[in-house]
Amino acid sequence: MDPVTTAEHPRPALTGAAAPFWEHVRSGVLHIQACGQCGAMRHPPRPRCARCHSDDRRWLPVSGRGEVWSYTVCHPPVLSAYAERVPYNAVVVRLVEGPFLVSNLVDVPLDEIEVGMPVELAVEPIDADVSLPRFRRVAR
Amino acid sequence: MTAAVLAQPDAAIVGIGQTRFAKNMGRDELDLACEAVLAACADAGLDAREIDGVVSYHVEQVDEIDLGSTLGLDRLRFMARTPSGGGGAASVIGLAAAALEAGAADCVVAFRARNRSKTASYGEGINQGGRPWAKAGTVLADSRQWHHPFGVAAPAQEMALIARRHMAVFGTLAEHFGAQAVAQRFHASRNPAALMRTEVTIEDWAASRPIADPIRLFDCSLEHDAGVAIVLTRRDRARDLARRPVRVLAHGQCDGPIHVDLPTFFAETALFGERVAGARLLAPDLWGAAGVQADDVDVAMVFDHFTMAVPLSLEQYGFCDLGEGGPFVASGATRWPDGSLPVNTHGGSNGEAFLHGLNHLPEAVRQLRGESTSQVADAQVAFVCGSITDPAGAVVLGRD
Ligand SMILES: [Zn+2]
């Protein structure tokens, strides 16, 4: 997607348990929080592992590959930061490692988006502090 | 089980009340709640001061104590709220019934009041006036940071992503949701209290503007001002009041992920057959407790923030097989008078009003009293459920 030029793009606060996620995206490699004991991944980050209840956590690099699990095409009313690019796509991507992310596809015409489409990470900066984990289509 | 337990008094709905449903009424939520509560008490034929329990949704703006002080409710001894917004639609009745069954209260009111007209905001709360996503701010520390930066902020967009998955897994069509929109607008056209009195066709639905594919404007719930209240008491006491009581045959809550956190939603949902959880786990217990089955239900009020929720809910509670909700709706099954299971006969949230589903409860009561504007002949059993995209619950109601 084109960089947003309108002011006030919604952004993460870069605080708390989520901060490492966004720091890793900005560095170009997607990381997902995992249990320090049993290794189960979870997203969004949480203080405990739902499988073993450990509070040990670490951030694991993931492949950035996945598939389109669902998609929509957004028309007004939308957030003001997105007003100039309607209609735009929004997707849910399932990473091959399992976790799901809400995101957008870059460089895919709206009428070519399909559930099951293989995708890979396409990190897009929105400014010096924040980059978003978007995705691009890859060959099956 | 002892006879004493079997003889435990159960709960009945004895009064329903509502304000006018309209945009820009210029009245705050407390004002609307008071009118609805007093109307429900008048319907029941009891003094509001007899209320000793108050239940509502966690998104409710009216504080229980404010309501009590305004109406002189000086014997409140049970107060509780349900988790999630529309998920609580039926659960508030379950909370009230549980309080009555436990002896924690004798007379409980469930209420919801909203002031959501775009030009009449009485407060700066996220759930007051205008569109919540327009008030979200742009620096997000909570779960909105996983949605808003990608332009996903409106409930329609979140529900579109859930609906699209259902379409991909089961072959459901947008037109199936449209069929429910059209049926509800027909029901609304017959209901003088409804906001939308004009009947629409499937062609009108298809011509209504896209909001978030596959959701169109006519699939969406309405935004306006309103208050609704429902009064319950024990069944033995209910017989002495003004109106024929409606029994709470069974009630139950269920957990489940919520649409405002879609990464967790898709990891944990049972909507697409991944597992038996949430409403599908509740359903057999609910029917068992009610002593009836889905086939015995005469009329259903299904939470419908967007019409896609109707077929998905009907699948989870066993009115049709998993994946068959779309064709079931499109067959006309949910349309009064000829459908086998008329759904949202008051017009639902796209036709009558949107109060996180609490306006669906009075319609179930009217059906069991024989007073609906789209009356199902000799309706004996009604089903009401909360949002399928939230932690939710359901109640089964019956004529006493
Ligand atoms: Zn663990």
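Residues numbered from 1 in each chain as written. Chains lettered and ligands numbered in written order. Predicted model: local features only at pLDDT ≥ 70, side-chain atom pairs only at ≥ 80, totals over all residues. Heavy atoms only, no water.

Here the focus is the overall build of chain B. Along the backbone of chain B there are 14 helices and 12 strands. Against the compact-globule benchmark of 21 Å for 400 residues, chain B has a radius of gyration of 20 Å, which places it among compact chains. Here the C-alpha coordinates of chain B stretch approximately 50 × 45 × 40 Å along the principal axes. Per-residue burial over chain B gives 63% buried out of 400 residues. Nonlocal contacts in chain B, meaning residues at least 24 apart in sequence, comprise 73% of its contacts between residues at least 6 apart. Charge centroids of chain B, computed over 34 positive and 48 negative side chains, lie 3 Å from each other. (Helix = DSSP H or I, 4+ residues; strand = E, 2+ residues; numbered from the N terminus. Rg over C-alpha atoms; globule rule 2.2 N^0.38 Å. Buried < 20%, exposed > 50% of the residue type's maximum accessible area, 1.4 Å probe, protein only. Contact = heavy atoms within 4.5 Å. Lys, Arg positive; Asp, Glu negative; His and termini not counted. Charge placed at Lys NZ, Arg CZ, Asp CG, Glu CD.)

Residue and element names in this part refer to chain B. The topology assignment puts Glu64 in helix H3 (residues 64-71). Judged by relative accessible area, Glu64 falls into the buried class, the value being 10%. Within the structure, the side chain of Glu64 is placed 2.7 Å from the side chain of Arg81, a separation counted as a polar contact. Residues in contact with Glu64, not counting those within four places in the same chain, are Val54, Ser56, Leu76, Met79 and Arg81. (Polar contact = N/O pair within 3.5 Å; in protein donor to acceptor, adjacent residues only side chain to side chain.)

Another point: the interface of chain B and chain A. Opposite the 32 residues of chain B that make contact, chain A presents 39 residues. Joining chain B to chain A, the criterion identifies 1 salt bridge. Among the elements that take part in the side of chain B that touches chain A, helix H5 (residues 155-170) of chain B stands out by supplying 6 residues, more than any other. Of the residues contributing to the side of chain B that touches chain A, the split by class is 19 nonpolar, 7 polar and 6 charged. Sheet analysis places strand E1 (residues 11-12) of chain A next to strand E5 (residues 139-140) of chain B, joined by 2 bridges and oriented parallel. Counted as the bridge partner of Pro12 of chain A is Leu140 of chain B from E5 of chain B. (Salt bridge = Lys/Arg side-chain N within 4 Å of Asp/Glu carboxyl O. Nonpolar A, V, L, I, M, F, W, Y, C, P; charged D, E, K, R; others polar. Pairing = 2+ DSSP bridges.)

A separate point is the coordination of the zinc ion. Residue and element names in this part refer to chain A. Within the protein, the zinc ion binds to Cys35 (SG), Cys38 (SG), Cys49 (SG) and Cys52 (SG); these donor distances fall in the range 2.3 Å. With 4 donor atoms in place around the zinc ion and angles of 100 to 120 degrees between them, the coordination shape is tetrahedral. The motif formed by the donor residues of the zinc ion, counted along the single chain, is C-x2-C-x10-C-x2-C. In this pair, Cys35 is assigned in strand E2 (residues 31-35) and Cys49 in the loop between strand E3 (41-42) and strand E4 (57-61), connecting sequence segments 14 residues apart. Using a relative accessible area of 2% as the deciding quantity, one classes Cys49 as buried. (Donors = N, O, S within 2.8 Å, 3.2 Å for Na, K, Ca; no water. Tetrahedral: all angles 85-135°; square planar, octahedral: opposite > 155°, others 65-115°.)

Below, the discussion takes up the state of the cysteines. Residues and elements named next belong to chain B. For the coordinates displayed, the defined rule picks out 0 disulfides over all chains. This cysteine, Cys34, is not joined by any disulfide, and Cys41 carries the nearest cysteine sulfur, 11 Å off. Accessibility expressed as a relative area gives 8% for Cys34, which makes it buried. (Disulfide = S-S within 2.5 Å.)

Once that is clear, we can look at the confidence of the model for chain B. Residues and elements named next belong to chain B. Put simply, chain B has an average pLDDT of 93, and 93% of its residues get 70 or more. Predicted confidence is poor over residues 1-7, with pLDDT under 50, and the contacts of this stretch with residues over four places away or in other chains come to 1 contact. Both scores are available for the predicted complex, with the pTM at 0.95 and the ipTM at 0.96. (pLDDT = per-residue confidence, 0-100.)

For any two aromatic rings, the description comes down to two numbers: the centre-to-centre distance and the angle of the planes. Per the stated rule, a full pass over the model turns up 13 aromatic pairs over all chains. Each ring, one from Trp22 of chain A and one from Trp146 of chain B, has its centre 5.5 Å from the other, and the planes form 15 degrees; the classification is stacked. With Trp22 of chain A in helix H1 (residues 19-27) and Trp146 of chain B in the loop between E5 and H5, this pair bridges two chains. Taking relative accessible area as the criterion, Trp22 of chain A reaches 3% and is therefore assigned buried. Between the aromatic rings of Phe100 of chain A and Phe266 of chain B, the centroid separation amounts to 6.0 Å while the plane-to-plane angle is 35 degrees, which identifies the pairing as tilted. Of the two residues, Phe100 of chain A sits in strand E7 (residues 100-103) while Phe266 of chain B sits in helix H9 (residues 262-268), which places them in two different chains. Of the two residues examined, Phe100 of chain A and Phe266 of chain B, each falls in the buried class. Its guanidinium or amino end placed over the ring of Phe186 of chain B, Arg335 of chain B lies 4.4 Å from that ring's centre, counting from NZ or CZ. (Phe/Tyr/Trp six-rings, centres within 6.5 Å; stacked < 30°, edge-to-face > 60°. Lys NZ or Arg CZ within 6 Å of the ring centre and 35° of its normal.)

What follows deals with the pattern of salt bridges. Close approach of charged atoms lets side chains of opposite charge pair. All names here are of chain B. Tallied over the full model, the rule gives 31 salt bridges over all chains. Between Arg164 and Asp213 there is a salt bridge, and its shortest N-O distance comes to 2.5 Å. Separated by 49 residues along the polypeptide, Arg164 in helix H5 and Asp213 in the loop between strand E6 (210-212) and strand E7 (215-216) bring together distant segments of the chain. Note on Asp213: relative accessible area 28%, which makes it partly exposed.

Residue and element names in this part refer to chain A. Within the open sheet, the 3 strands sit side by side as E3-E2-E4. Their pairing is antiparallel. Looking at the sheet topology across the chains shown, the edges are occupied by E3 and E4. In this sheet, E4 lies alongside E2 in antiparallel orientation, the contact comprising 5 bridges. Residue pairing across strands places Gln33 opposite Trp59, the latter belonging to E4.

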